[in-house]
Amino acid sequence: MCQHEPKCPAAADPRGQRAEIVVSHPEQGWYLLCNGIVLFDDGGLMMPDHSVIAPAA
């Protein structure tokens, strides 16, 4: 999905949530990253395979 250089970390990479934002909806509290991760304002993540990672406590 990442089309720019240098390439962003893959979704499975521990640094995956540092990928560039390609769609921004701050009014709804979420951002789509170029590696397919949906990042929520609370820190939670939805991965490209639709698995969910809860925000850190």
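Now for a description of the structure that goes with this document. (Residues numbered from 1 in each chain as written. Predicted model: local features only at pLDDT ≥ 70, side-chain atom pairs only at ≥ 80, totals over all residues. Heavy atoms only, no water.)

### Focus on the overall build of the protein chain
Counting its secondary structure elements, the protein chain contains zero helices and five strands. Its helices and strands in sequence order give the protein chain the pattern β-β-β-β-β, from N to C terminus. Whereas a compact globule of 57 residues would reach a radius of gyration of roughly 10 Å, the protein chain reaches 11 Å, a difference of no more than 12%. On the principal axes, the C-alpha backbone points of the protein chain span a range of 30 × 25 × 20 Å. (Helix = DSSP H or I, 4+ residues; strand = E, 2+ residues; numbered from the N terminus. Rg over C-alpha atoms; globule rule 2.2 N^0.38 Å.)

### Observations concerning the pattern of salt bridges
In the structure shown here, the tally under the stated rule is two salt bridges. A salt bridge links Lys-7 to Glu-5; the shortest N-O distance between them is 4.0 Å. Among the salt bridges present, the one from Arg-15 reaches Asp-13, with a minimum N-O distance of 3.2 Å. The partly exposed category is assigned to Arg-15, whose relative accessible area is 44%. Owing to a relative accessible area of 24%, Asp-13 belongs among the partly exposed residues under this scheme. (Salt bridge = Lys/Arg side-chain N within 4 Å of Asp/Glu carboxyl O. Buried < 20%, exposed > 50% of the residue type's maximum accessible area, 1.4 Å probe, protein only.)

### Remarks on the sheet that holds strand β5 (residues 52–53)
Strand order in this open sheet of five strands is β1-β2-β3-β4-β5, and the pairing throughout is antiparallel. Every interior strand has two partners, whereas the edge strands, β1 (21–25) and β5, have only one. Here two bridges tie strand β3 (residues 38–40) to strand β4 (residues 45–46), and the two strands are oriented antiparallel to one another. In the sheet register, Leu-39 faces β4, and the bridge partner there is Leu-45. (Pairing = 2+ DSSP bridges.)

### Examining the side chain of Asn-35
With respect to the secondary-structure elements, Asn-35 resides in the loop between β2 (30–33) and β3. Among the residues examined, Asn-35 registers a relative accessible area of 12% and is labelled buried. Reaching out from Asn-35, the side chain makes a polar contact with the backbone oxygen of Pro-9 at a distance of 2.9 Å. (Polar contact = N/O pair within 3.5 Å; in protein donor to acceptor, adjacent residues only side chain to side chain.)

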